[in-house]
Every structure is written in structure tokens, then in C-alpha cells.
Amino acid sequence: MPRWLPRAVVLVLALVACFQLGSWAFHQLIGLLINILIAFFLALAIEPAVSRMAARGMRRGLATFLVFLGVFAAGAGFLTLLGSMLAGQIIEMVEGFPRYFDSVIDSINRTFHTDLSRLEIQDSLLRSDWLRKYVQNSATGVLDVSTTVLGGLFKLLTIGLFSFYFAADGPRLRRALCSVLPPAKQSEVLRAWEIAVTKTGGYLYSRGLMALISGVAHYIVLVILGVPYAPALAVWVGLVSQFIPTIGTYLAGALPMLIAFTVNPWYALYVLGFVVIYQQFENYVLQPKLTSKTVDIHPAVAFGSVIAGTALLGAVGALVAIPAVATLQAFLGAYVKRYELTRDAESSTSRPRRRVRLPRFR
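What counts as what
Residues numbered from 1 in each chain as written. Predicted model: local features only at pLDDT ≥ 70, side-chain atom pairs only at ≥ 80, totals over all residues. Heavy atoms only, no water. Helix = DSSP H or I, 4+ residues; strand = E, 2+ residues; numbered from the N terminus. Contact = heavy atoms within 4.5 Å. Phe/Tyr/Trp six-rings, centres within 6.5 Å; stacked < 30°, edge-to-face > 60°. Buried < 20%, exposed > 50% of the residue type's maximum accessible area, 1.4 Å probe, protein only. Axes fitted to C-alpha atoms, helices over the stretch in contact; angles between N-to-C directions. Left-handed = near helix turned anticlockwise from the far one by under 90°. Nonpolar A, V, L, I, M, F, W, Y, C, P; charged D, E, K, R; others polar. Parallel < 35°, antiparallel > 145°, perpendicular 65-115°, else oblique. Core = buried A, V, L, I, M, F, W, Y, C linked by side-chain atoms within 4.5 Å. Expected span 1.5 Å × (residues − 1). Salt bridge = Lys/Arg side-chain N within 4 Å of Asp/Glu carboxyl O.

1. What about the overall build of the chain?
Here's step 1: Broken down by element type, the chain carries 13 helices and zero strands.
Here's step 2: Along the chain direction, N to C, the helices and strands of the chain fall in the order α-α-α-α-α-α-α-α-α-α-α-α-α.
Here's step 3: Taking the intrachain contacts of the chain between residues at least 6 apart in sequence as the baseline, contacts between residues at least 24 apart amount to 64%.

Shown next, in the form of C-alpha cells:
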């Protein structure tokens, strides 16, 4: 046996064990790493406001606390207003449900020449096995819902805590990061940090602008249809559809449809049609144009980055994909050497190509 063989076998086994241990630790900590990534981008988003307040003599910790307090107050006020509105509409809808149910039964009887009654349908539903199984599953699912809500609250608390520390201790974090790098690399890290702040702010600006446009468009439709609470519903659609990825569009459109149904069931279909049409317009026309101007990336790159981010990290990837790609593109663009175009290359890109006529053979 060669002398190096036992040592090589031990080395290979140690490397395999380290890889397995690292893979296990990464899968166990993937949730925490995603929360830290979200917190980092939130800290970049509020960095301009915190830096502006700190430049006027305020401590960064107090400035960060005031920014978080303002965001929390605005969100809590909006949710309180929306909750009271939704509770009133649900009560009104429940009280008027028998009337809607009777109208549907009357239309069915007139159309299909049947003799249905609301009492018979209610008795058959109450005695059905489907309703009994549904009640049992709902009772057992209460604990799962409570666990999910508590887990979501803990995740929000974790993200808020990390984002507060990232924003309040931003200069200290940059100094600690630059202190372990040579002087030539420190300027590159600071440049990348500034680019990330700029691109994240531009992304939030584009999202806020699209939320404003979406809110105004849906407000006009809701006012035309005579749906109550049109301003609050328009704000709901604008914010939820833009700042909650993947499922935000469906959540945003469900509430106006519910309120419109209390006025007229056909109005709910009208609202659904407008939501679908406007979503296509936003995805293929409005969002690529605004993203290319505010974040300075090509519309195709923005669309592809959202798809790639969704495939990698789900909803979180869809949210942070565009600012991350814009930061990477701007940082790499500073180190890519560009050359002047030759005459042939410039003429081929500026002038249209001539059509070449092929000879005809008989």
C-alpha cells in the first residue's frame, strides 16, 4: 500500500463530512438567511431618510426609530380603517345573503322551469356529509392557522430587528467590513454600497409610482360603478398589488370584488375583468418602462430577473430580484472596459440593412 493512500482517504472522508455538515447547516438556516436578506434591502430602502436626518445632528438610532415608527403608524392606521370597512361590509353582506340567494333561486326556477325553495336547499346542505367533513377539517385546522400566524409575526419581528440594526449601525457596519479589506478594495465596497442604496431607492420609487397609477385607475372604475369606500379600496389595490409579490394581485382584486358584490353581483364580474386587463397592461407595458427608467435596466432583463428570483427564492426573490440585478449590473459596468466602434460596426448598427435580391432560376 502506498504511504499517501491512508492520508488521502482520511482527507477525502473529512472533506465529504465537512460538505455534508455545511449543507445541513445551510438548509437549517435558509429561513434566517432569507430574513436577513429582506432586512438588508429594507435597511437600504430607508438609508436615505436616516442619513438625511442624521446629517442634521440627530443620532442614527433615534432617526431609524422615528422612520420605523412612521411606517408602523401609517400601516396600522390603514389596516384599522380597512378592517372597520371590511367588517361593516361583511355584516351587510351576511344580512343581505338570503335576499341574494332567493334571487338566484328565482332566476334558476324561471330559466330551467324548476320548483326549488331556499328552505329545502338549506336543509339538504345542513344534513350533507360534505358540510360535516368541512366543519371537522376547519376545527382541526384552527391550530395550524394559529401556528402560521404566530410564525409570521415572529418572522416580521426578526426582519424588523435586523433591518433596524442594519440601518442604525450602517456606518459602523461599513467600517467593520472595510477594516478587513486592503485599501484598494475598500473603495470598491463603498461604491457597491452606494450603488445598492441608489438602485433600491429607485426600485421603491418605481413601485410607489405604479401603486399610485393603479390606485387612480381602480378608483375611477369603482366610482363609475358606484362601489362604496372607493378611496380606501383604491389605496388597498395600489399598495397590495405592488408591494406583496406573487399573490399581491389576487389579494388586491379580491376585496374590491367582495365589496362590489354587495352592491350588484354583476359589478363583481366587471371589477374582475378590469383587474385582469389592467394587470396585463401593467406587466407588459407599464412596469418594464418605469423599471428601465428608475432602476436603469432593460425591460427584458427586469422581467427575466423577476422570473429567476421567483424560481430561486419564491416571493422574496421576486421582491428583491430587480434591485439586486440593477446593483450588480451597475457595479460590473464600472469595471467593464469599452472600446470605440469601428466604421463598419457603427455603420451596421446605425443604417438599416439592404435587402439582397437572389437570382431566380427556372
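2. Some words on the packing of aromatic side chains
Here's step 1: On inspection of all chains with the given rule, the structure shows eight aromatic pairs.
Here's step 2: Ring centres of phenylalanine 68 and phenylalanine 164 lie 6.0 Å apart, and the angle between their planes is 65 degrees; this geometry places the pair in the edge-to-face category. You can see phenylalanine 68 sitting in helix 3 (residues 60-112) and its partner phenylalanine 164 sitting in helix 5 (residues 129-168), a full 96 residues away along the chain.
Here's step 3: Between the aromatic rings of phenylalanine 164 and tyrosine 165, the centroid separation amounts to 6.0 Å while the plane-to-plane angle is 65 degrees, which identifies the pairing as edge-to-face.
Here's step 4: Taking the relative accessible area as the measure of exposure, phenylalanine 164 reaches 25% and is therefore partly exposed.
Here's step 5: Since its relative accessible area comes to 45%, tyrosine 165 is described here as partly exposed.

3. Observations regarding the packing of helix 7 (residues 183-225) against helix 8 (residues 230-243)
Here's step 1: It is the contact of helix 7 with helix 8, at a shortest axis distance of 8 Å, that shows an interaxial angle of 145 degrees. You can see that helix 7 and helix 8 cross each other, and the crossing is right-handed. Of the residues in helix 8, those touching helix 7 at Leu204, Arg207, Gly208, Met210, Ala211, Ser214, Gly215, His218, Tyr219, Leu222 and Val223 are Ala230, Pro231, Leu233, Ala234, Val237, Gly238, Leu239, Ser241, Gln242 and Phe243.
Here's step 2: Broken down by class, the residue content of the contact of helix 7 with helix 8 amounts to 13 nonpolar, seven polar and one charged.

4. Quick notes on the packing of helix 2 (residues 30-55) against helix 7
Here's step 1: At a minimum axis separation of 8 Å, helix 2 and helix 7 run at an interaxial angle of 85 degrees. With respect to each other, helix 2 and helix 7 are oriented roughly perpendicular. Side by side, helix 2 and helix 7 meet where Phe40, Phe41, Leu44, Ala45, Glu47 and Pro48 of the first sit next to Trp193, Ala196, Val197, Thr200 and Leu204 of the second.
Here's step 2: Classifying every residue of the contact of helix 2 with helix 7 by side-chain character gives nine nonpolar, one polar and one charged.

5. Some remarks on the nonpolar core
Here's step 1: Ranked by internal contacts, the top residues of the largest apolar core, which has 16 residues, are Leu222, Val227, Leu233, Trp236 and Val271.
Here's step 2: Put simply, the parts of the chain that give this core at least two residues each are helix 7, helix 8, helix 9 (248-263) and helix 10 (265-294).
Here's step 3: Per-element tally for this core: the top contributor is helix 8, with five residues.
Here's step 4: Membership of the second largest hydrophobic core comes to 12 residues, among which are Ile46, Ala63, Val67 and Val316.

6. What about helix 8?
Here's step 1: If you check helix 8, its first and last C-alpha atoms are 20 Å apart, about what 14 residues at 1.5 Å a residue would give, namely 20 Å.
Here's step 2: In terms of burial, helix 8 is a largely internal element, 10 of the 14 residues being buried.
Here's step 3: For helix 8, the complete set of buried residues consists of Ala230, Ala232, Leu233, Ala234, Trp236, Val237, Gly238, Val240, Ser241 and Gln242.

7. Some points on the pattern of salt bridges
A side chain of one charge can pair with a side chain of the opposite charge if their charged atoms are brought near each other.
Here's step 1: Across all of its chains, the model carries one salt bridge by this definition.
Here's step 2: In this structure, arginine 60 engages glutamate 47 in a salt bridge whose closest nitrogen and oxygen atoms are separated by 3.2 Å. Of this pair, arginine 60 sits in helix 3 while glutamate 47 sits in helix 2, placing them 13 residues apart in sequence.
Here's step 3: Assessed through its relative accessible area of 15%, arginine 60 is described here as buried.
Here's step 4: Under the relative-accessibility criterion, glutamate 47 is labelled buried at 7%.

8. Overview of the environment of alanine 260
Here's step 1: Among the structural elements, alanine 260 can be located in helix 9.
Here's step 2: Looking at alanine 260, the relative accessible area reads 0%, which means it is buried.
Here's step 3: Sequence-wise, alanine 260 and proline 228 are 32 residues apart; in three dimensions their C-alpha atoms are separated by 8.0 Å.

9. Observations concerning the side chain of asparagine 35
Here's step 1: Mapped onto the elements of the fold, asparagine 35 is located in helix 2.
Here's step 2: Setting aside chain neighbours within four positions, we find asparagine 35 in contact with Lys155, Thr158 and Ile159.

10. Considerations on the environment of tyrosine 165
Here's step 1: Summarising the element assignment, tyrosine 165 is placed in helix 5.
Here's step 2: Spatially, the C-alpha atom of tyrosine 165 lies 8.4 Å from that of alanine 43, the residues being 122 residues apart in sequence.

11. A closer look at the environment of alanine 54
Here's step 1: Mapping alanine 54 onto the fold places it in helix 2.
Here's step 2: Considered as a pair, alanine 54 and alanine 168 are 114 residues apart in the sequence and their alpha carbons are 10.0 Å apart.

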